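Fold and geometry: a report
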Amino acid sequence: MTTMETYWEVQTFLAYEARLLDEERYTEWLGLFTEDAHYWVPGVENRGRSDPNGPYAPSRMAYFDDTLEDLRRRVVRFTAPTAWAEDPATRHLHVVSNIEVERAETPGELLVRSVIVNYRGQGDIDAATLYGRREDILRRVSGELRIARRLVLLRHAVLPAKNINTFF
Amino acid sequence: MSGMNDELLALSGLDDGWLDRRVFWDRDVYELELERIFARCWLFVAHESQLPKPGAFITTWMGEDNVLVVRRRDGSIGAYLNSCPHRGNRVCTAEVGTARGFVCNYHGWSFGLDGGLTGVHESAAFGREPGFDRSRLGLTPVAQLDTYKGLVFATFDPGAPPLRDYLGDFAFYLDVILDNDEGGTEFAGGSIKSVLGCNWKIAAENFAGDALHAGWTHASGAEAMLGRGVPDLGAEDAESYHVNANGHCWEFNLDGVGNAATLGDPRVMAYLRDHEKRFAERLGALRARMVGSISSVNVFPNFSFLPGQNTFRTWQPKGPHRTELHTWVLVNRNAPQDVKDAWRKGAMMTFSPSGVFEMDDGENWELATRSNAGVVTRKQRLYYGLGSGTAIEHPELPGNVHRGQINDANQRAFYRRWSQLLRARTWDEAAS
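Throughout what follows, the structure given in this document is the object of discussion. (Residues numbered from 1 in each chain as written. Chains lettered and ligands numbered in written order. Predicted model: local features only at pLDDT ≥ 70, side-chain atom pairs only at ≥ 80, totals over all residues. Heavy atoms only, no water.)

This part is about the layout of surface pockets. Taken as a whole, the largest pocket encloses approximately 690 Å³ of empty space. Taken together, 32 residues line the largest pocket, and the ones lying closest to its centre are A:Arg47, B:Gln50, B:Ala188, B:Gly189 and B:Gly190. Of all elements in the fold, only β3 (56-62), β6 (96-98), β12 (185-187), β19 (323-332) and α12 (337-350) of chain B reach the threshold of two or more residues within the lining of the largest pocket. Examining the composition of the lining of the largest pocket, we find that 5 residues originate from one element, β3(B), more than from any other. Across the lining of the largest pocket, the residue classes break down as 8 nonpolar, 13 polar and 11 charged. Both of domain 1 (43-146) and domain 2 (169-430) of chain B provide at least three residues apiece to the lining of the largest pocket. Taken as a whole, the second largest pocket holds about 470 Å³ of empty space. Lining the second largest pocket are 21 residues, with B:Ile202, B:Glu205, B:Asp210, B:Ala368 and B:Tyr384 sitting closest to its centre. Those elements that provide at least two residues to the lining of the second largest pocket are α6 (200-209), α7 (212-217), α13 (361-370) and β20 (382-383) of chain B. When residues in the lining of the second largest pocket are grouped by element, the largest group, 4 residues, is from α13(B). (1 Å grid on protein atoms, 1.4 Å probe; cavity = no way out; pocket = protein on both sides within 12 Å on 5 of 7 lines; lining within 4 Å. Points joined across faces, edges and corners; volume = space filled by probe spheres on them. Helix = DSSP H or I, 4+ residues; strand = E, 2+ residues; numbered from the N terminus. Nonpolar A, V, L, I, M, F, W, Y, C, P; charged D, E, K, R; others polar. Domains from an automatic or database assignment.)

Right under this line is the structure:
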């Protein structure tokens, strides 16, 4: 269990993070991660229940399997004036819900579970909606919450979209 | 087909560099593609490494037909329609896994790894039925299945030429990526699937020959991974080529590592550098310089890959305006694990739905397809005229060889093969 104050702080942090992504403030968003962060969105395979290999694994393909340096590279592409597909701008919406906060194994870290819904409107009528569950490890750095680890488990075996030009 | 369609399918303006837009839009053209291309050509269905032991299976698509590809008890590979011969339900609903057999959820009919019917629910009732013959009620197998250096291909057409003939002179080029190391290749773990609102041919022809888009569409991705744009590729003295055989297409230059460099990983570059000599011993000096170079490939009709990034993919048709993209990552089996991991991560970072290169392709392809909804727009032909007069004879390179990778020669060859197959009633007609 954590205090109401901690829960409130985490919820405010995640809502702020979502707004940074909605507003494409990617450089500020990168500032929310620890230097040793791992950001992982594995591909999800449609496997049988009895299959011991499970729907995802570190050794398999992933949409993101990133260090902070990898995330920085992606932001270079997003913010390049030659990213033609970003103009006109994508209309992002990140909805964060079902937030649960508990103490993580490492003292001073929090295990935060949440549900993410990401809607993107593009061009005139293009739209895509992606759904997933997140598991974050948040750590305090100089008193501020930072994301040390994020796992996003998308609910899609076939991604119902042409790309993922956003983060979760 | 109607007279109008005969004219359309002939693509009469192609040699002059013009393409009829209806090939991307018309439903009757699409249905004919399913019959005369996807139900007849050799299609990529698996890498052998995805089927490591008896019982290992994947499900995939051949056209819009769902197919179950299985390693059988004797070690051979079988492929069957994933549809129960009783009421048609799928017999396997997972995309990958290991099984002793397959049981239909509907009425409990079960099938062995060889596709044969092994059991039925309420067997007494069937046993009393004089016309019931289990041997005639197995899963429908593909007509032919064969492998080429780790890649498994299948065709529904018993009259299709052998796989080796279907690949023809293109096998010489495939060895650049499939046979540059004595240990052969394997797929890294997993696969990624996504949906594009485009005609499958727009994606296939992009990989067949469109080096032109690399420097423009992907300027921002190159900035992210290389810290600079893609260099101009079209200088008159550039040592680069469009080559094609039987509609299979490879565009490339001889820089050796230009594609691989975009992965931004020193381990991959070191691996390529350390193995340069070995590549040359196996492939000769010229092909050794193609292993990771700026290049792209499409094996007719819908199987593409990028040397260097080693992304392998199929463009699965889902209607004239929709394509399901399946991607895998190919690595050399004998490469160190950290190099394999670097390749898997790098391929995803560059060419996957979230890749900094690939994410700029989808919109172009979707809008290039969708524009043709307009009946007036659809009547405007598209320009495919680049590189007329670039055909050359080359002392080492087989097939049809064209000078210069900024070219439309491969795209024209792709559509010429398409036209040939759609008009032919038999493989004999298509070959002539």
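Before going further, it helps to examine the state of the cysteines. All names here are of chain B. Scanning all chains against the criterion turns up 0 disulfides over all chains. In this structure Cys84 is a free cysteine whose sulfur lies 4.2 Å from that of Cys104, the closest cysteine sulfur available. Of the residues examined, Cys104 reaches a relative accessible area of 5% and is grouped as buried. (Disulfide = S-S within 2.5 Å. Buried < 20%, exposed > 50% of the residue type's maximum accessible area, 1.4 Å probe, protein only.)

With that settled, consider the interface of chain B and chain A. Of the residues lining the interface, 40 residues belong to chain B; the matching set on chain A comes to 38 residues. Buried surface at the junction of chain B and chain A, summed over both partners, amounts to about 3400 Å²; 55% is from carbon and sulfur atoms. Three residues, B:Met349, B:Met359 and B:Glu363, lead the burial of chain B against chain A; their summed loss comes to 17% of the area buried on that side. Seen at the junction of chain B and chain A, the total is 4 salt bridges. A:Asp65 is the salt-bridge partner of B:Arg344, the closest N and O atoms lying 4.0 Å from each other. In this structure, the connection of chain B to chain A is made through 20 residue pairs in polar contact (both at pLDDT 80 or more). Of all the secondary-structure elements, those providing two or more residues to the side of chain B that touches chain A are β6, β13 (192-196), α7, α8 (219-226), β19, α12 and α13 of chain B. If you tally residues by element for the side of chain B that touches chain A, the top one is α8(B), at 6 residues. (Contact = heavy atoms within 4.5 Å. Buried area = accessible area lost by both parts, 1.4 Å probe. Salt bridge = Lys/Arg side-chain N within 4 Å of Asp/Glu carboxyl O. Polar contact = N/O pair within 3.5 Å; in protein donor to acceptor, adjacent residues only side chain to side chain.)

Before going further, it helps to spend a moment on the sheet that holds strand β7 (residues 102-103) of chain B. What holds strands together in a sheet is hydrogen bonding between their backbones, with the strands either parallel or antiparallel. Residue and element names in this part refer to chain B. Across the sheet, 3 strands lie side by side as β7-β8-β9; this open sheet has antiparallel pairing. Taken across any chain shown, the strands that pair with only one partner, and hence form the sheet edges, are β7 and β9 (117-119). Across 2 bridges, the pairing between β7 and strand β8 (residues 110-111) is antiparallel. Among the inter-strand pairings, Phe102 is bridged to a residue of β8, identified as Phe111. (Pairing = 2+ DSSP bridges.)

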